[in-house]
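Fold and geometry: a report
In case you want the letters, here they are:
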Amino acid sequence: MLKTAALWRYSIFNLLLIALLAHWFWQQNQPVALPDPELPANGKLNCVSYAPYYGKGETPFIATTVADKSRIERDLRLLSERFDCVRTYSVKQGLDYVPEAASKLGMKVLLGAWIGYVKLENDKEVELAIELANRYPDTVKGLIIGNEVLLRKEQTEDVMLAYLQQAQASTEVPVTYADVWEFWLKHPRLEQAVDYITVHVLPYWEDDPQSIDNAIPHAEFVMETMGKTFSKPLFIGETGWPSVGKHRNASVPSLVNQASYLRQFVQTAHDKNWNYNLIEAIDQPWKRDLEGTVGGYWGLYDTDLESKFEFKGPVAERRDGIQPLIWALTGLAVFVILTLARKERRLPALLAMGSLGILTGATAYVQWGYLLAASRDTMEWIVLAGISLAGIVALLNLPSLIARGQSKLAHSLLFVLVLAGMVTSFLLIPKMSFIPRDVELHPMIGYVIYTIDGRYRNFPLALYALPALQYAIGLALLGLLHRTTFGRYRKLNIIALATALICLILEPLNTHALLWLGVVALLAYASWPRKGARV
């Protein structure tokens, strides 16, 4: 039977963790004052990227996907309340209806023709886009031939020049090409074939990711650089900020940061007379397959078509309501029942396990949100949910540990967490990837990436943090810290620590990378083998 003093020490530790977690929830739910931008007289913004693939399982990866006309009409009615214009990226899969639907609402369209690897599909895209531009000249205010084609290395500069020249010869609608600013600087010849230059300014995706505080100065630097390099008018074809996803060095996705960036950008665009298009109208879950979690959360509206924030007034990061409390109380009840079932009636033991239950319940609530955002397919659901379940079972086993001491189940679960942590650390390192050329390519997506690239994987802190704290510190306070002679723990932990350290070295301003190194260190401390220890 554990000593009462140990149980009291452990209870105090858990109560401190509860206070920290409660403060985090409180802070995340507090409205943050943000600057209100100066909007046009009609209150509408310039333009926004639009794609209709936001329903469950919907993706342009499936070539037979066709957007329903009624959905396009409904979406554009919603967007017309906030925007004067929409930008599209293709004229296939039902998107050829967008100009007609927009014309009924008095909206303008930046009509995109998707250019990928396949020449036959590219030719069809350009021809149909030109035909639509000529059919709706009062609605289509720009024809964008290709989007980041040179960035993706799907066509050469000469091929793009030919397509742009074809469009120029076939329509009176202004013609342009869209790419990130660095690729415009690498291919200045394209200026001769466009009416204006469409440049993408995405501070989060820069090779040197920008913090939210430096995002607007960075956009100003890009526009100044482009203005000095090119003589034709500039149009910002994409700019925005993700609301959920992986930290990239000092660049932090969050709802408050998204609102802050877009508000500041709109004000700066007003002051500097920039024309712009925001990315994007509605969250696109299918983009997570290409860009990780963050790819699905650039929208101003979520997949239920609810606005994430307004352009006036304060914005809160989360709106949890009483859900964390419900989950926490459920955890409290479960752990108290488990403790009583072990015939443990002492107050410090009930307090120790009850406080752990509160932590486990509230953490499970956070984990569920993480799983919904980060799990992109069945395999990721199985793996990530499995890690979460292993941690929860490890915590549920603590009442039994208090009653019986060491157990094989506790040792097995620790091994699972250490092994999973080592693999996770390796997978978080950027970047190893290749693009196969001998595959059947989708005409809109253009390529398939096989990758081990940490840029597209989140640090799974929510899944590991509480089990790591309990195994390393909690069990130490209880006098139940596992010490084994299993030598492979040493190798696993060295690999995990080394790879986690590499992640931090590569992104020294990434707080999640620092915290992940801390989690890995806790697991290493909990499992590091000791000579003469029990298995």
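Parameters at a glance
Residues numbered from 1 in each chain as written. Predicted model: local features only at pLDDT ≥ 70, side-chain atom pairs only at ≥ 80, totals over all residues. Heavy atoms only, no water. Helix = DSSP H or I, 4+ residues; strand = E, 2+ residues; numbered from the N terminus. Rg over C-alpha atoms; globule rule 2.2 N^0.38 Å. Buried < 20%, exposed > 50% of the residue type's maximum accessible area, 1.4 Å probe, protein only. Contact = heavy atoms within 4.5 Å. Areas by Shrake-Rupley, 256 points an atom, 1.4 Å probe, with all protein chains shown as cover. Disulfide = S-S within 2.5 Å. Patch = residues over 30% accessible without salt bridge, like charges linked within 9 Å, V, L, I, M, F, W, Y side chains within 5 Å. Salt bridge = Lys/Arg side-chain N within 4 Å of Asp/Glu carboxyl O. Phe/Tyr/Trp six-rings, centres within 6.5 Å; stacked < 30°, edge-to-face > 60°. Lys NZ or Arg CZ within 6 Å of the ring centre and 35° of its normal.

Focus: the overall build of the chain
Check the secondary structure of the chain and you find 18 helices and ten strands. Taking 2.2 N^0.38 as the reference for a compact globule, 535 residues should give roughly 24 Å; the C-alpha atoms of the chain span a radius of gyration of 27 Å, in line with that estimate. Considering only C-alpha atoms, the chain reaches an extent of 85 × 50 × 45 Å along its principal axes. Looking at the 535 residues of the chain, the share that counts as buried comes to 56%. The long-range fraction of contacts in the chain, counting pairs at least 24 apart against all pairs at least 6 apart in sequence, stands at 75%. Total accessible area on the chain stands at roughly 23400 Å², and carbon and sulfur atoms take up 61% of it.

A short note on the state of the cysteines
Linking two cysteines covalently via their sulfur atoms produces the bond known as a disulfide. Tallied over the full model, the rule gives one disulfide. The partner cysteine of Cys 47 in its disulfide is Cys 85, sulfur to sulfur 2.2 Å. Around the S-S axis, the bridge from Cys 47 to Cys 85 shows a dihedral of about -50 degrees and counts as left-handed. With Cys 47 in the loop between helix H1 (4–28) and strand E1 (48–49) and Cys 85 in strand E2 (residues 85–87), this residue pair connects regions lying 38 residues apart in the sequence. Using a relative accessible area of 0% as the deciding quantity, one classes Cys 47 as buried.

Regarding a nonpolar patch on the surface
On the surface, a nonpolar cluster with roughly 680 Å² of combined accessible area is contributed by Ile 322, Leu 325, Ile 326, Trp 327, Leu 329, Trp 368 and Leu 372. Looking at the nonpolar patch, the elements with two or more residues in it are helix H11 (323–341) and helix H12 (347–374).

Topic: the packing of aromatic side chains
Following the criterion strictly, the structure yields 21 aromatic pairs and no others. Ring geometry for Tyr 53 versus Trp 286: centroids 6.3 Å apart, planes at 90 degrees, classification edge-to-face. Of this pair, Tyr 53 sits in the loop between E1 and helix H2 (69–80) while Trp 286 is found in the loop between strand E8 (276–278) and helix H10 (288–291), placing the two residues 233 residues apart along the sequence. Pair check on accessibility: Tyr 53 and Trp 286 agree, each one buried. Arranged with centres 6.4 Å apart and planes meeting at 75 degrees, the rings of Tyr 204 and Trp 241 form a pair that is edge-to-face. Residue Tyr 204 is found in the loop between strand E6 (197–200) and helix H8 (212–229), and its partner Trp 241 is found in the loop between strand E7 (234–239) and helix H9 (255–272); the two are separated by 37 residues along the sequence. Among the residues examined, Tyr 204 registers a relative accessible area of 0% and is labelled buried. Judged by its relative accessible area of 0%, Trp 241 falls in the buried class. The ring of Phe 183 carries Lys 186 above its face, with NZ or CZ at 4.4 Å from the centroid.

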